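Summary of structural features
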Amino acid sequence: MIPFAFASHWSLSVLFQSLFQHRYAAHRMYTMGPRTERALHLSTALVQGSSYLDPRAYAIMHREHHAFADTERDPHSPAHHENPLRMMLHTARRYAGLLTGRIAAEPRFLGGHPEWPAVDRLFNQWTTRIAFGALYTLFYKRFATRRWHWALLPMHFVMGPVHGAIVNWCGHRYGYRNFKTRDASRNTLPMDVLCMGELFQNNHHARPASPDFAAKRFELDPTWQVMRLLSRLKLIRIAQAPQGEQAALPPVRIRENSGGALAASPSL
């Protein structure tokens, strides 16, 4: 029961992080109606639980990552940190500053992200994070049958940041490159089920507006397959992106759609 629960939580957490915070909040690779957006927003919060990542802070930091990839201004680049832990701590400080407003982001990185203040305030509170942690602990107390099961428990508390660390550390250090880019991005796994396509970093940095992170026949992006299914069910509308997009990134352009809501240009 415990290994199955851990694998399920891991897969769902990284899927929603890729689908909602990354491809929607940061890049707007698809659009959807307000009810569907709320449902996806709330589902992301419930699945991520104690490691919920605020869509606004995530979107800003990820746009900074693309603009300053592997430079000193990159919020999470392994090129400037000795180990993944140091990179995570640096990223955490930047994220916390953006979340609380202590750090002001450049105007070009603002806007176009989903907003639901009530949900974001609730799930960003430490009391809520601790409550989810207590639920995870109670679950383990009920179903853990081996001592090594308990070694998995702490991972549930920080699953979101751990996903980000794996993607940004491995995706800029290990693997192969399909495209020449101005950064050190790499594709770590040709069949990336572990991180739902997020480890195709070289493909993504070369074609940041493409909703499909796979570029070769042997590559598989699970999140893209989920997006295709949601599109067929008419729950989302996938934006058409040029496949040969260059890696050079212009500033984020914020435009107003027909419904009056702000949407970020998919160029970042």
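For the structure, see preceding data.
Anyway, here's the lowdown on the structure attached to this text. (Residues numbered from 1 in each chain as written. Predicted model: local features only at pLDDT ≥ 70, side-chain atom pairs only at ≥ 80, totals over all residues. Heavy atoms only, no water.)

**Some remarks on the nonpolar core**
Counting residues in each nonpolar core, the largest one holds 17 residues, and the members touching the most others are L19, Y30, M32, L40, M227, I236 and I238. Elements with a contribution of two residues or more to this core: α1 (2-26), α2 (34-48) and α10 (222-232). Residue contributions to this core peak at four residues, all from α1. Among residues more than four places away in sequence, those in contact with Y30 are L19, F20, R23, Y24, L40, M227, I236, R237, I238 and A239. (Core = buried A, V, L, I, M, F, W, Y, C linked by side-chain atoms within 4.5 Å. Buried < 20%, exposed > 50% of the residue type's maximum accessible area, 1.4 Å probe, protein only. Helix = DSSP H or I, 4+ residues; strand = E, 2+ residues; numbered from the N terminus. Contact = heavy atoms within 4.5 Å.)

**Brief notes about helix α8 (residues 159-170)**
Here α8 is twelve residues long and its end C-alpha atoms lie 16 Å apart, about the 16 Å a rise of 1.5 Å per residue gives. Counting buried positions along α8 gives nine out of twelve residues, so the element sits mostly inside the fold. Turning to α8, its buried residues are M159, G160, V162, H163, G164, A165, V167, N168 and W169. Tucked into the core, α8 has its buried residues touching α1, α3 (55-67), α4 (84-100), α7 (153-157) and α9 (201-206). (Expected span 1.5 Å × (residues − 1).)

**A closer look at unusual backbone geometry**
Look at R28: it is not a glycine, yet its phi comes out positive at around 50°. Considering the arrangement of structural elements, one finds R28 in the loop between α1 and β1 (30-31). The residue K234 is not glycine, and still its phi comes out positive at about 60°.

**A closer look at the pattern of salt bridges**
The final tally for this structure, using the stated rule, is six salt bridges. Between D221 and R23 there is a salt bridge, with the nearest N and O atoms lying 2.8 Å from each other. Highlighted residues: D221 in the loop between α9 and α10 and R23 in helix α1, separated in sequence by 198 residues. Each member of the pair, D221 as well as R23, is classed as buried. A salt bridge links R86 to E82, with the shortest nitrogen-to-oxygen separation between them at 3.4 Å. When salt bridges that share partners are traced, they join R23, E198 and D221 into one network. (Salt bridge = Lys/Arg side-chain N within 4 Å of Asp/Glu carboxyl O.)

**Overview of the packing of aromatic side chains**
Scanning the model with the defined rule gives twelve aromatic pairs in all. Ring geometry for F139 against F143: centres 4.7 Å apart, planes inclined by 45°, an arrangement best described as tilted. You can see F139 and its partner F143 sitting in helix α6 (residues 126-143), four residues apart, about one turn around the helix. Taken together, Y52, F123, F132, Y136 and F157 form an aromatic cluster joined through their ring pairs. (Phe/Tyr/Trp six-rings, centres within 6.5 Å; stacked < 30°, edge-to-face > 60°.)

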